[in-house]
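Overview (structure and organization)
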Amino acid sequence: MDIHIKKNGDEVDRSAAVAVSRQVLRKPDCVLGLATGNTTEGLFRRMVELHRELDLDYSRVTTFNLDEYVGLAPTDPISCRARVKQSLLQGLNIRDENVFVPNGIARSLEQECKDYEASIRARGGIDLQILSIGENGHIAFNEPGTAFETTMRVADIADTTIRAKAELFGSVDKVARQGITMGIRNIMMAKRIMLVVKGSHKAKIAERALFGAVTPNVPASVLQLHPFVTVYMDEEAAAGQLSAFRKHASAG
């Protein structure tokens, strides 16, 4: 695991965006896995800026979103599809046919999961999966207690995550209770993983996920078992164990 500690969130976004840009330069037809949320908005903004500054070509890149809320239409402004389009995809020269997001209103969600996994396999798997981490340790909608062998499925959203999403939806009562999500096994099959962690509210869970026991109770802890994980975090997120993080970063 390669850990990079940056002074603030803006430096995290810049460094992570450079890493994604390098991936696209190395492999113009690469497959990127995307995480939608507040943590990645700054990263996406920097990716668009570098695309414009470097004339970086995304026309052969394919993207797969990690998840989507069950019951939200793709056109709903709160949906993961709409948010990733607004914050990232509309700023890149990426082709519509190369953009994949789970359909939260599919007639058969079970079939949607099978088809989505088949699409990933058909594209050769994910080259770089971008992740963020929830305060309870979830990655995508894989909440605490999720078995590491889980694949694409409909998952219940934990109460802690629902409360965290209340502002986005307008109130706790309006938050979707389920999500269609890649499973932990799907995530771990990515060739490389990038984890972005920002803010003091993520300090405790970052310490547990990166240095604690590998356990389904902290789903992100499974990343310790992946051979190629790069972590970008700010000093606030590393505050709990800053010396330990820095030691690990130097060793990496």
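Quick caveat: nothing in here was measured; it's all calculated off a predicted structure. Every residue gets a number counted from 1 within its own chain, in the order that chain's sequence is written. Only residues with pLDDT of 70 or above have their local features reported here, since the model is predicted, and side-chain atom pairs are shown and tallied only from 80 upward, although totals for entire chains, interfaces and linings are computed over all residues. Note: side-chain values were computed over all heavy atoms of the structure, leaving out hydrogens and water.

**Some words on the side chain of S59**
Strands are runs of DSSP state E lasting at least two residues, helices are runs of H or I lasting at least four, and both sets are numbered from the N terminus onward. Tracing the backbone shows S59 in the loop between α2 (38-54) and β3 (62-65). Here a polar contact is recorded for every N or O atom pair within 3.5 Å, except that within protein the pair must consist of a potential hydrogen donor and a potential acceptor, and residues adjacent in sequence are included only if both atoms are side-chain atoms. There is a polar contact of 2.8 Å between the side chain of S59 and the side chain of D57. Here, residues are in contact when the closest pair of their heavy atoms is within 4.5 Å. Every residue in contact with S59, bar those within four places of it in the chain, is listed here: N93, R95 and N98.

**Quick look at the side chain of D234**
Here D234 shows up in strand β10 (residues 229-234). Buried and unpaired, D234 has no salt bridge, with K198 as the nearest side chain of opposite charge at 6.9 Å. Filtering out sequence-adjacent residues up to four positions away, D234 remains in contact with I5, K6, K7, N8, G9, V12, V197, K198 and G199. To sort residues, take the accessible area from a 1.4 Å probe on protein chains only and compare it with the maximum for the residue type: under 20% means buried, over 50% means exposed, and anything in between is partly exposed. Just so you know, the count uses Lys and Arg for positive and Asp and Glu for negative, and it drops His and the chain ends. By salt bridge we mean one thing: a side-chain nitrogen of Lys or Arg within 4 Å of a carboxyl oxygen of Asp or Glu.

**Considering the packing of aromatic side chains**
Pairing of aromatic rings covers Phe, Tyr and the six-membered ring of Trp, with a centre-to-centre limit of 6.5 Å; geometry is then stacked below 30 degrees between planes, edge-to-face above 60, and tilted otherwise. In this structure the tally under the stated criterion is four aromatic pairs. Ring plane angle 90° and centroid distance 5.5 Å describe the contact between F64 and Y116, whose orientation is recorded as edge-to-face. Of this pair, F64 sits in strand β3 while Y116 sits in helix α4 (residues 109-122), placing them 52 residues apart in sequence. One aromatic cluster is present, formed by F64, F100 and Y116 through successive ring pairs.

**A short note on the sheet that holds strand β1 (residues 2-6)**
The parallel open sheet is built from seven strands, whose spatial order is β1-β10-β9-β6-β2-β3-β5. At either margin of the open sheet sits one strand with a lone partner, and together these are β1 and β5 (99-100). Alignment of strand β2 (residues 31-34) against strand β6 (residues 128-131), held across two bridges, turns out to be parallel. Following the sheet pairing, G33 is matched in β6 by Q129. Strand contacts of helix α1 (residues 9-26): β1, β2, β6, β9 (192-197) and β10, with the helix running at about 155° to β10, the strand carrying the most contacts. With respect to the sheet, α4 is in contact with β3 and β5, its orientation differing from that of β3 by roughly 150°. Strand pairing is defined by DSSP finding a minimum of two bridges between the two strands. To obtain each axis, a line is fitted to C-alpha atoms, and for helices this fit is confined to the stretch in contact; angles are then taken between N-to-C directions over 0 to 180 degrees.

**Here's the deal with the sheet that holds strand β8 (residues 178-181)**
With antiparallel pairing, the three strands of this open sheet are ordered in space as β4-β8-β7. Looking at which strands have only one partner, the edges of the open sheet turn out to be β4 (67-69) and β7 (153-156). In this sheet, neighbouring strand axes are inclined to one another by 30° on average, regardless of whether the strands run parallel or antiparallel. As defined by bridge partners, β7 adjoins β8 across four bridges and the pair is classed as antiparallel. The residue bridging R153 from the neighbouring strand is T181, located in β8.

**Comments concerning the layout of surface pockets**
The method works on a 1 Å grid over the protein atoms by themselves. A cavity is a set of points holding a 1.4 Å probe that cannot get out, a pocket is an open set with protein on both sides within 12 Å along at least five of seven lines, and residues with an atom within 4 Å of a point line them. Grid points are joined across faces, edges and corners, and a volume is the space filled by probe spheres set on the points. In this structure, the largest pocket encloses a volume near 710 Å³. Contributing to the lining of the largest pocket are 28 residues, with N38, T39, H138, K165 and K202 lying nearest its centre. Sorting the residues of the lining of the largest pocket by element identifies α2, β4, α3 (80-87), α5 (159-164) and α6 (166-169) as the ones contributing at least two each. Of the residues forming the lining of the largest pocket, the biggest block, three residues, is contributed by α5. In this count, Pro and Cys sit with the nonpolar residues alongside Ala, Val, Leu, Ile, Met, Phe, Trp and Tyr, while Asp, Glu, Lys and Arg are called charged and the others, Gly among them, polar. Per-class residue counts for the lining of the largest pocket are 10 nonpolar, 11 polar and seven charged.

**Some words on the nonpolar core**
One finds M182 and M233 to be the most contacted residues of the largest nonpolar core, which totals 37 residues. Mapped by element, the contributors of at least two residues to this core are β1, α4, α7 (184-188), β9, α8 (203-211) and β10. Among the elements that line this core, the one with the most residues is α8, at four residues. Here the nonpolar core consists of buried residues drawn from Ala, Val, Leu, Ile, Met, Phe, Trp, Tyr and Cys, with membership extended through side-chain atoms lying within 4.5 Å.

**Quick notes on the UniProt feature "domain: Glucosamine/galactosamine-6-phosphate isomerase" (unreviewed entry) in the chain**
As recorded in UniProt, the sites labelled "domain: Glucosamine/galactosamine-6-phosphate isomerase" (unreviewed entry) are residues 21-224. Regarding residues 21-224, the helix share stands at 34% and the strand share at 15%, and the terminal C-alpha atoms are separated by 24 Å. UniProt positions are given in the numbering used here, feature names are shortened, and annotations may be inferred rather than shown by experiment.

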